[in-house]
Amino acid sequence: MEILLADDHDLVRETLKFYLEKIEPDTRVIEAGTFSEALDQASKADSLDLIILDLQMPGMNRLSGLEVMRERFPDVPTVILSGVIQRDDILSAIQRGAAGVIPKTLSASGMTSALRLILAGETYLPSTVISKGGAGGAVSARDAFSPESPLNALTNRERDVLELLTTGGLTNKKIAEGLGIQEVTVKLHLRGIFRKLGASNRTQAVKIAMQLGWQA
């Protein structure tokens, strides 16, 4: 697997490269420090599987760089990486074709999980956007949790999976069919739910979620 990582900070690239190489055996990380270098490296790559672009690096011109990269390489999922980004910018990035927006403040395990989901065909949004109601801005009853609740750490898709799990106790196959995703992706979501809720299995996850105020 080939991943293009473009960021103008050497330390950030070095750290991210370490974790990216753990996503899958034989992962090759191609590095770039500017947007023009990223375009050049992408053009030379044999078969890119993922592109990660720092929003603030030279030549990126914020989301204009994303549009250029998506136009040149429409079949390669492109992720925006940023230390500070506003909610409107996040939603705009998704509308312009980004496969996800990942804050640099995300933990190493969280970032790895987010990238695995993106590689599985999902779209990743920071929980800060989801907790404010996602793109539509409406907050549902299942989002009304206390600020410290681990339920706030769940991604939008993890919440969808948890909802099907708590309402019908469905199998992974049935959840996958209901959400229109692969069964292996459901397993990834469940793994994230278990970790964030401190659960070891499906039954325990449902019990903890209910205790925290989840409404089935």
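A word on the overall build of the protein chain. Assigned secondary structure in the protein chain consists of ten helices and five strands. Counting every position in the protein chain, which comprises 216 residues, the buried fraction comes to 47%. In the protein chain, once contacts between residues fewer than 6 apart in sequence are set aside, the share between residues at least 24 apart is 61%.

Moving on, we get to the confidence of the model for the protein chain. When pLDDT is averaged along the protein chain, the result is 83; 88% of the residues meet or exceed 70. This stretch, residues 130–144, has a pLDDT under 50; its non-local contacts, to residues over four places away or in other chains, come to 26 contacts.

With that out of the way, let us pick up the environment of asparagine 61. Along the chain, asparagine 61 falls in the loop between β3 (48–54) and α3 (63–72). Judged by its relative accessible area of 58%, asparagine 61 falls in the exposed class. Separated by 26 residues in the primary sequence, asparagine 61 and phenylalanine 35 have C-alpha atoms spaced 8.8 Å apart.

Counted by the stated rule, this structure contains 13 salt bridges. Between glutamate 122 and arginine 157 there is a salt bridge, with its nearest N and O atoms 3.2 Å apart. Taken as a pair, glutamate 122 in the loop between α5 (108–119) and α6 (127–130) and arginine 157 in helix α7 (residues 156–168) lie far apart in primary sequence, 35 residues in all. A relative accessible area of 11% means that glutamate 122 is categorised as buried.

We now examine helix α10 (residues 202–211). Three or four residues apart is the spacing at which side chains of an α-helix point the same way, because the helix has 3.6 residues per turn. Of the positions making up α10, those classed as buried are Ala205, Val206, Ile208 and Ala209. Axial view of α10: buried residues confined to an arc of 165°, hence all on one face. Exposed side of α10, more than 90 degrees from the buried face: Thr203, Lys207 and Gln211 are the residues found there. Glycine 213 occupies a position one or two residues after α10 and carries a positive phi of about 105°.

Cut-off values and rules
Residues numbered from 1 in each chain as written. Predicted model: local features only at pLDDT ≥ 70, side-chain atom pairs only at ≥ 80, totals over all residues. Heavy atoms only, no water. Helix = DSSP H or I, 4+ residues; strand = E, 2+ residues; numbered from the N terminus. Buried < 20%, exposed > 50% of the residue type's maximum accessible area, 1.4 Å probe, protein only. Contact = heavy atoms within 4.5 Å. pLDDT = per-residue confidence, 0-100. Salt bridge = Lys/Arg side-chain N within 4 Å of Asp/Glu carboxyl O. Arc of directions from axis to C-beta.

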